[in-house]
Each structure stands twice: as C-alpha cells, then as structure tokens.
Amino acid sequence: MEDSRIALPIGITLDRFIKRKQEEFQYATGELSQLLRDIALAGKVVNREINKAGLINISGAIGTQNVQGEDQQKLDVLANIRFIRALTKGGEACAIVSEEDEEITDLKNQGRYVIAIDPLDGSSNIDVNVSIGTIFSVYRRITPVGSPVKKEDVLQKGIEQVAAGYLLYGSSTMLVYTTGHGVYGFTYEPSLGEYFLSHSDMIIPATGKTYSINEGSYNGFPESVKSYIQFCKDNNYSARYIGSLVADFHRNLLKGGIYIYPPTTKIPNGKLRLLYECNALAFIAEQAGGIATTGTQRILEVEPQEFHQRVPLFIGSKEMVEKAQSFHT
Ligand code: P6P
C-alpha cells in the first residue's frame, strides 16, 4: 500500500488524526482506531492519578511482587487495572499480556487484537517525581475470533505488530505511536482532555552524543560493552540515564542517542522484556529510522518463547547502535 504520509497540521486532535489516517491502517475497519482511542483514554486516567500521587496515598509499594519478583507500586497495580478495564470496555482486544500478571488475561470476546503492555514502566521513580511511562504493542490474533486465546496469539515476533507506542508521563504527558506508517507524537492538554499532534513523522537523528546505560553495573558488563563505553568517553559523549526506559528512549528519539541494557553476569539476558517493552520501542525506533537489536540480533526478529522473556537491548540512532555492535568480537 502506498505510504501516504500526509503532513497533517500540528495541533490536530488525536481523534481527528486517527480518522484521517485510517486508510493507512492495514485493517481499515476502524477497530485499530478504536483500540488506540481506548489506550489513549486509559492514559488520561493514569496521568491524572500520577499527578495526584504526591497528594493522596497511591504512591509507594503495596508489599506484593509482580511475576518478575519486583516490588509492585500502588500505581503499577492501578495502571494495570485502568488499561485492562479500558481495553475490556472497548471490546477490540481479546487478550492482554501485562508485566503485572503472570498469565494472559483472556477477555473472552470477539476482539481481533492482542495487547502486550507494561502499564507503568519505571514505576520506582514515582515517589521521586521522575518521568515514567506506559509501553504497548498491538498484534492481530492468530486463532479464530471468539475461540479461547492461545499462547501462539501472544508469542508473536515483533515484526507482526500492527501498532505500538508509549505514553510518557513527564513534564507534559505524551502519546507516541506507530502503525507502520511513521511515528507520531501527541501532547496531552489536561484542561481540554485532548491529545494534540505535536510531533509529526518523527525521525531519530542518525547519530548523537548521548549514551544511556547504568554504569553502576559496569563490572558485570561484557568486554564489548565496556569498550563501547570507553569509546563514548573518549569522544566526550554525555551520559544520561534516568532509570526510566521510556524517558531515556524519548530523549534519544528526539535528540539522537543510544540506550543499552546489556547482558550482565547477574542477568545474562538483561532486565528488559521482549513482549511489552523491547518490541514496541524497536518498532518505533525502526519506523523513525533507528535500530534496535539484542546486540547481535534484530529485536523484531526474536522468536518469543515465553510471555515475560528478557532480552538485551541496544536501541537508538542507527550509527550509534552499529558502532556499539562493532565492538562485539
Ligand atoms: P536498572 C525500570 O525498572 C526499567 O525497566 C527501565 O525503565 C529502566 O531503564 C531500567 O529498568 C532501570 O534498570 O537496573 O538500571 O535500575
């Protein structure tokens, strides 16, 4: 299909944008449009709760752990509930795999789409008022509509995504997404309750001078990663690591840069999850002209084996990821 990247006016609302670009969706039946609206709506609700976190008792840990063994924050659980509720009411999603739930949530409806989601990534930053985000991927289900959702509906390669995006709850709240026809950014105006197109057809600079990696784990890094870090220092790059993947990724998308969560001696596959963190950002990065790999393999080609599978992540400006990979011996 011809890629009609219509340069729509900045300031157009998300709803109007989706309607005008609808003909680009591979399945232009309006379902995917509705799905994006459902996610955007949940984002508004989560945004409101995050902004109140300091005032009412919804920040901090709740004393339970998610499937990864990580302390669940009150807002993690709230955000998970909000997204599942919005997607359930919207009716377009038949299943959800979430960082917060060990198993698939089968919505037992006629929906054609499967959602992989990290409802609130970087949530440990909530208490210190640092940007956090929601990351989501959208797939078409493989098994017949209306039948029980199967593992194969969820364990799809990243290249099968029909849409992906993230919400960034920062100095302003943004929704950034792609349906395979470019990357578009919308800024939320709470006083109007609307998202407005603020970044049309986003392209990541081919290179940059910012690298994002937790150098506190340096001793456990592979020698190739240590060599690349030294290369960055020798070339006077800036180290920026927020501890919130969406925030680091978004800055690199706008300004150029590389984010690395490498294998370490403690976690040989790194920390980040393929299905609901890496695949979505890899789809966006590639659509914006960037690259996303495990260090050796294109993220979107990784064959998922389990819902909460971890993979190493090298993502960002094309020339920077290629340079980092060149240190692999
Ligand atoms: P570390 C947050 O928990 C997260 O998933 C990403 O948002 C962030 O970049 C990374 O983990 C931080 O992990 O091990 O560097 O503290």
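The structure this text deals with has already been given above.
The rules we used
- Residues numbered from 1 in each chain as written.
- Predicted model: local features only at pLDDT ≥ 70, side-chain atom pairs only at ≥ 80, totals over all residues.
- Heavy atoms only, no water.
- Near = heavy atom within 4 Å.
- Polar contact = N/O pair within 3.5 Å; in protein donor to acceptor, adjacent residues only side chain to side chain.
- Areas by Shrake-Rupley, 256 points an atom, 1.4 Å probe, with all protein chains shown as cover.
- Nonpolar A, V, L, I, M, F, W, Y, C, P; charged D, E, K, R; others polar.
- Salt bridge = Lys/Arg side-chain N within 4 Å of Asp/Glu carboxyl O.
- Helix = DSSP H or I, 4+ residues; strand = E, 2+ residues; numbered from the N terminus.
- Buried < 20%, exposed > 50% of the residue type's maximum accessible area, 1.4 Å probe, protein only.
- Pairing = 2+ DSSP bridges.
- Contact = heavy atoms within 4.5 Å.
- Axes fitted to C-alpha atoms, helices over the stretch in contact; angles between N-to-C directions.

(A) The arrangement of the site of the ligand in detail. The full set of residues close to the ligand is D121, G122, N214, Y241, G243, S244, L245, Y259, Y261, K271, L272 and E277. For the ligand, an oxygen atom lies 2.7 Å from a polar atom in the side chain of Y259. Note that an oxygen atom of the ligand is positioned 3.0 Å from one of the side-chain N or O atoms of K271. Burial of the ligand by the protein chains amounts to 81% of its free accessible area of 400 Å². Considered class by class, the residues forming the shell around the ligand number five nonpolar, four polar and three charged.

(B) Local environment of the pattern of salt bridges. Taken as a whole and assessed by the stated rule, the structure comprises 14 salt bridges. In this structure, R251 engages D248 in a salt bridge whose closest nitrogen and oxygen atoms are separated by 3.0 Å. In this pair, R251 and D248 are both assigned in helix α6 (residues 245–255), three residues apart and thus about one turn of the helix distant. Taking the relative accessible area as the measure of exposure, R251 reaches 19% and is therefore buried. Classification of D248 as buried rests on a relative accessible area of 0%. E322 serves as the salt-bridge partner of K318, at 2.7 Å between the closest nitrogen and oxygen. Of this pair, K318 and E322 both sit in helix α8 (residues 318–325), four residues apart, which is roughly one turn of that helix. With a relative accessible area of 37%, K318 lands in the partly exposed category.

(C) Representation of the sheet that holds strand β5 (residues 113–121) in the model. Ordered by their spatial adjacency, eight strands build an open sheet running β4-β3-β5-β6-β7-β8-β9-β10, and the pairing between neighbours is mixed. A strand with exactly one partner marks an edge of an open sheet, and here the two such strands are β4 (105–106) and β10 (194–199). Direction of pairing for strand β3 (residues 93–98) relative to β5: parallel, over a ladder of five bridges. Paired with S98 across the bridge in β5 is I117. Where helix α7 (residues 274–287) meets the sheet, its contacts fall on β3, β5, β6 (132–140), β7 (163–169), β8 (173–178) and β9 (183–189), and the angle it forms with β6 comes to roughly 85 degrees.

Spatial relationships are all this shows, so hold off on functional conclusions.
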